[in-house]
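Here is how the chains run, residue by residue.
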Amino acid sequence: MLKNVFLAISLLLTTFLLVGQEATIIGAIKDDNGNAIFGVNVSVSNQSGGATSNSLGEFELDVPAEKNIKIIISHISYELDVVDLYFKNKEVRQIVFTLKSRSYEIGGVDIQDERKRTSTMQRIDPKDITYLANPSGNFEAIIKTLPGVTSNNELSSQYSVRGGNFDENLIYVNDVEIYRPFLVRSGQQEGLSFINSDLVSGIEFSAGGFDAKYGDKFSSALAIDYKEPNKFAGSVTGSLQGASMHIEGSPGNHRFTYLAGVRYRTNRYVLGSLDTDGQYRPNFLDVQTYLTYDISDKWEIGFLGNIARNEYNFIPQTRTTDFGTVNEALRLTIYFEGQEVNNYETYFGALTNEYKASSNLNLKFITSAYRAFEDETFDILGEYFIDELERDLGSDNFGDVAFNRGVGGFRDHARNTLQVTVVNTQHKGKLFVDNGSWEWGAKVQREMIKDKLSEWKMLDSAGFSIPKPKDVVGYDTSQIPQIRNKELTLSSVFKAQNEINSNRVTAYLQRNWNYRLKDTSELSFTAGVRTNYWTFNNENILSPRASVAYKPNWKRDYLFRLSGGYYYQAPFYRELRNFEGELNKNIKAQQSVQIVAAADYNFKAWDRPFKWTTEVYYKHMTNIIPYEVDNVRIRYYAENNANAYAVGMDMKVNGEFVKGVESWATFGLMRTEEDIKDDFYYDYFNSDGEKIISGFTFNNTAVDSIKYEPGYIPRPTDNRFNFSLFFQDYLPNNPTLKANITFHYASGLPFGPPSYERYKDTLRIPSYLRVDIGFAKILKSEDKVLSDKNPFRHFKSIWLSAEVFNLLQRNNTISYLWVTDVSNRQYAVPNYLTSRQLNIKLQFRF
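Since the model is a prediction, treat every value here as computed from it, not as a measurement.

Participant: What am I meant to see in the overall build of the protein here?
Facilitator: When you go through the protein residue by residue, the secondary structure sums to seven helices and 46 strands. Here the C-alpha radius of gyration of the protein, 32 Å, is about what a compact globule of 846 residues would show, namely 28 Å. Viewed in the frame of its principal axes, the protein has a C-alpha envelope of about 145 × 65 × 50 Å. Within the span of the protein, comprising 846 residues, buried residues form 52% of the whole. Across the protein, every contact between residues at least 6 apart in sequence was considered, and the portion connecting residues at least 24 apart equals 67%.

Laid out in structure tokens, this is it:
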């Protein structure tokens with residue numbers, strides 16, 4: 001009996017001692033990119049209880065000591081991780097766990113983990129920009145290859161998304177909105193875009209249906225995150241088009257991080273291939289920095305700064321352009337005098353304060369200022385000859401000038417200046433809750449704009465100014481001042497001086513829910529609303545938006561998403577000003593009801609991961625402000641007098657077509673049209689029943705007319721079909737030798753004569769077709785160790801690339817120059833983009 005009692009007491013004491021032996025894990029959980037993961041469950045196998053990571057990815061868990069245990073780490077978006085550990089009694093150990101995404105590991109553009117797959121934003125890998133053959137040198141070249149995005153100008157960073165124009169795209173860097181230049185007319189003047197690809201760590205892009213936390217524009221949202229480095233690194237790059245350098249690091253205790261980049265670019269080499277010969281002197285310089293400092297574990301301050309100076313100086317000399325058809329081959333020859341001098345200076349600064357108030361509450365305060373000085377000055381005289389070419393194949397003079405069709409001249413003059421100042425302060429917050437999160441934000445903004453427009457154009461045809469004033473013969477000169485004073489009538493004159501000082505207040509609230517259903521299928525729902533009030537027109541807009549994503553528990557990996565809402569294009573300065581420079585103070589925000597239905601499918605082919613995405617969309621737009629596009633210049637009619645729509649479908653497939661590297665192809669169909677209210681015109685007929693066409697009919701006396709209402713006509717961005725391809729490859733036996741090819745095809749955009757009558761803009765520019773190819777040789781890889789005497793041993797990697805722009809030597813048309821002969825007949829002469837060019841690039845990374 002005593003033996004049994006002693007045995008029982010011994011067992012109880014042993015159990016008590018074992019239970020009392022505990023250790024503590026102070027842990028952090030991160031993903032493959034080092035980002036903290038919220039909501040991860042951490043527990044001990046075969047033991048109740050556990051812990052959940054907070055918004056910083058941190059947790060604390062008491063575990064048994066003096067025995068082998070299994071720690072189970074689980075999250076619905078990541079692979080399950082089980083770790084075997086042993087702890088001594090009362091031991092406190094800090095451990096960082098890394099989880100892998102549950103989705104396929106497709107490391108290229110637009111391959112998202114499960115968390116982002118349900119979002120309307122798609123992720124892009126910044127590494128692919130490094131090898132992309134890019135004549136503009138701008139970051140946005142990678143965006144132009146995505147579904148729904150089109151561009152017909154390789155010199156510009158601007159792009160159109162699903163029928164929208166350049167002003168309808170949102171761009172954020174570290175949650176701060178970025179503005180594009182205002183006075184730029186052509187891609188060669190544009191210079192460097194704001195985004196420095198050497199500084200980028202994360203990219204997210206949406207072509208429509210984006211959440212309420214993104215601003216008040218129609219078409220797209222691009223969110224860029226700059227790096228917060230944890231060690232010293234840098235790069236130096238040089239090419240025939242310019243040079244760039246960046247450094248980054250985090251010295252000491254890593255509380256302070258720095259990131260800085262300098263870029264210089266000149267397009268002189270590329271512009272030398274244009275039809276117009278002359279002295280091109282473009283110089284574009286940009287300096288950026290991003291600094292952060294952790295005041296405490298919860299409080300971080302940051303500064304983002306940018307200074308940019310883009311200069312475009314051009315002295316044209318001659319231009320020769322062949323155009324027309326086989327049956328009517330023509331040549332335009334122009335001799336120039338004068339020059340063009342444009343300056344665009346930008347100063348930008350943003351101060352951020354980010355405070356992690358608790359494990360599930362993040363608060364952010366941002367103050368930013370943007371200042372731009374833009375000057376556009378030119379005085380160019382041109383004398384032109386329109387000649388018809390010999391088209392007889394059997395003639396010795398085939399292709400030479402057969403006879404002259406007409407001569408003329410023009411003079412373009414401008415002294416335009418613009419000053420823009422935008423200052424704002426904003427607050428953003430995010431609260432994590434059990435099944436999702438709350439997000440909110442508010443911003444107060446001051447906008448100050450000074451604009452001076454002084455521009456005129458004179459046309460001359462065979463010695464006669466167009467439009468030609470009335471002759472003196474047969475008129476009483478005392479009653480006609482233009483004749484009495486011998487005034488010269490100019491083709492167009494724009495004179496205006498405007499100043500605007502206004503305030504804008506915006507705010508948003510957004511809620512996200514994530515559910516796992518009983519059949520293990522997943523459901524995500526996001527709903528939000530944003531508001532925008534502008535003191536200039538005293539208009540307040542309310543924009544509700546929502547999206548839902550469903551991932552069924554099927555054998556095949558599908559996901560379906562539906563998003564949309566009531567979107568507004570809040571006007572800025574450009575929409576207010578009409579062609580004459582006058583401001584419409586009654587302008588209102590453009591409105592759009594949008595819906596986007598999407599499906600994506602992850603699959604494997606050739607035992608490699610791939611993804612197929614399809615999106616169908618429809619936009620019904622009201623209160624639209626019609627506009628004209630010439631190259632990259634947008635000129636608005638400054639009236640809310642049109643309704644419009646856009647409908648289309650985008651598809652994309654990407655994956656490892658070549659093992660280990662990503663490639664993708666996109667395809668899109670789209671139609672966008674607008675109906676301008678009270679828009680009509682007359683066709684006039686002479687006594688012979690012929691329709692009167694200036695420059696073609698001899699009898700121009702009208703005896704009859706017919707009124708037409710055009711109805712819906714194509715919008716300037718009506719790109720019916722587009723296809724893009726980005727393909728990467730390497731030599732199997734020598735993977736250090738890589739190649740990539742970028743292919744773009746886009747059907748022609750509408751255009752018309754320079755009469756500013758939208759119903760005439762139904763002609764089509766020829767389709768845009770371009771192929772750029774690049775070859776790169778990695779001279780030193782990161783894992784290659786050089787001898788101590790080698791001067792390149794300090795570099796992490798070195799690579800040399802050769803790029804061929806416009807491989808097919810395609811004459812792509814960006815716009816038209818309209819010239820007139822003495823009979824007032826107009827000729828549309830194409831303005832061609834760049835021809836085939838070779839570029840050499842060398843990069844050192846350390």
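Participant: How should I be thinking about the environment of Val287 in this particular structure?
Facilitator: Tracing the backbone through its elements, the reader meets Val287 in strand β18 (residues 276-294). Overall, Val287 belongs to the partly exposed group, its relative accessible area being 38%. Once the C-alpha coordinates of Val287 and Leu170 are considered, the two residues, 117 residues apart in sequence, prove to be 22 Å apart. With residues up to four places along the chain from it excluded, the contact list for Val287 reads Gly261, Val262, Gly305, Asn306 and Ile307.

Participant: In this structure, what is going on with the sheet that holds strand β5 (residues 68-75)? I would like to understand it.
Facilitator: Pairing between the strands of a sheet comes from backbone hydrogen bonds, and it takes one of two forms, parallel or antiparallel. With respect to topology, four strands assemble into an open sheet ordered β3-β2-β5-β6, the strand pairing being antiparallel. What marks the edges here is a single partner per strand, and that holds for β3 (51-52) and β6 (78-86). Across four bridges, strand β2 (residues 41-44) lies against β5 in antiparallel orientation. By the bridge assignment for β5, Val42 is matched with Ile73.

Participant: For this particular structure, what's the right way to read the pattern of salt bridges?
Facilitator: A side chain with one charge can pair with a side chain of the opposite charge if their charged atoms come near. For the structure shown, the criterion picks out 43 salt bridges. In this structure, Lys364 and Asp175 form a salt bridge, with 2.9 Å as the shortest nitrogen-oxygen distance. Of the two residues, Lys364 sits in strand β21 (residues 361-389) while Asp175 sits in the loop between β11 (169-173) and β12 (176-177), which places them 189 residues apart along the sequence. The class of Lys364 is buried, set by a relative accessible area of 16%.

Participant: How should I be thinking about the side chain of Gln288 in this particular structure?
Facilitator: The topology assignment puts Gln288 in strand β18. Here the side chain of Gln288 touches Tyr226 through a polar contact of 2.8 Å, side chain to side chain. If we ignore the near neighbours within four places in the chain, the residues touching Gln288 are Phe194, Ile195, Asn196, Leu199, Tyr226, Leu259, Ala260, Gly261, Arg263, Gly305 and Asn306.

Participant: Can you walk me through a nonpolar patch on the surface in this structure?
Facilitator: A grouping of Leu240, Tyr269, Leu779, Leu800, Leu838 and Ile840 is seen on the molecular surface, where their side chains present a nonpolar patch of about 490 Å² in accessible area. Inspection of the secondary structure assignment puts Tyr269 in helix α5 (residues 268-271).

Participant: I would appreciate a short explanation of the packing of aromatic side chains in the present structure.
Facilitator: Aromatic ring pairs are reported here in terms of the distance separating the ring centres and the angle at which the planes meet. Scanning the entire structure with this criterion turns up 44 aromatic pairs. With a centroid separation of 6.3 Å and 45° between ring planes, the pair formed by Phe751 and Trp818 is classed as tilted. Separated by 67 residues along the polypeptide, Phe751 in strand β40 (residues 750-751) and Trp818 in strand β44 (residues 813-820) bring together distant segments of the chain. Each member of the pair, Phe751 together with Trp818, is buried.

Participant: How do you make sense of the sheet that holds strand β4 (residues 58-64) when you look at a structure like this?
Facilitator: In space, the three strands of this open sheet follow the order β4-β1-β7, with mixed pairing throughout. The open sheet has two edge strands with one neighbour each: β4 and β7 (92-98). With direction set aside, neighbouring strand axes in the sheet form an average angle of 30°. Bridge analysis of strand β1 (residues 22-30) against β4 gives seven bridges, and the strand direction is antiparallel.

Participant: Explain the environment of His744 to me, please; I cannot follow it from the model alone.
Facilitator: Position of His744 among the secondary structure elements: in strand β39 (residues 734-746). Looking at His744, the relative accessible area reads 14%, which means it is buried. Remark: the alpha-carbon pair of His744 and Phe726, spanning 18 residues in sequence, is separated by 9.0 Å. Those residues in contact with His744 that sit more than four places away from it in its chain are Lys144, Thr145, Phe723, Ser724, Tyr768, Leu769 and Arg770. Within the local environment of His744, its side chain forms a polar contact with the side chain of Ser724, the two groups lying 3.2 Å apart.

Participant: Even after reading the chapter, I still don't get unusual backbone geometry, so can you show me in this structure?
Facilitator: Excluding glycine, residues mostly have negative phi values, and the peptide bonds linking residues are mostly trans. Unusually for a residue other than glycine, Glu66 sits at a positive phi of about 60°. By secondary structure assignment, the location of Glu66 is in the loop between β4 and β5. The exposure class of Glu66 is partly exposed, given its relative accessible area of 34%. Positive phi, close to 55°, is recorded for Gln809, a residue that is not glycine. Examined against the element boundaries, Gln809 turns out to sit in the loop between β43 (797-805) and β44.

Calculation notes
Residues numbered from 1 in each chain as written. Predicted model: local features only at pLDDT ≥ 70, side-chain atom pairs only at ≥ 80, totals over all residues. Heavy atoms only, no water. Helix = DSSP H or I, 4+ residues; strand = E, 2+ residues; numbered from the N terminus. Rg over C-alpha atoms; globule rule 2.2 N^0.38 Å. Buried < 20%, exposed > 50% of the residue type's maximum accessible area, 1.4 Å probe, protein only. Contact = heavy atoms within 4.5 Å. Pairing = 2+ DSSP bridges. Salt bridge = Lys/Arg side-chain N within 4 Å of Asp/Glu carboxyl O. Polar contact = N/O pair within 3.5 Å; in protein donor to acceptor, adjacent residues only side chain to side chain. Patch = residues over 30% accessible without salt bridge, like charges linked within 9 Å, V, L, I, M, F, W, Y side chains within 5 Å. Areas by Shrake-Rupley, 256 points an atom, 1.4 Å probe, with all protein chains shown as cover. Phe/Tyr/Trp six-rings, centres within 6.5 Å; stacked < 30°, edge-to-face > 60°. Axes fitted to C-alpha atoms, helices over the stretch in contact; angles between N-to-C directions.

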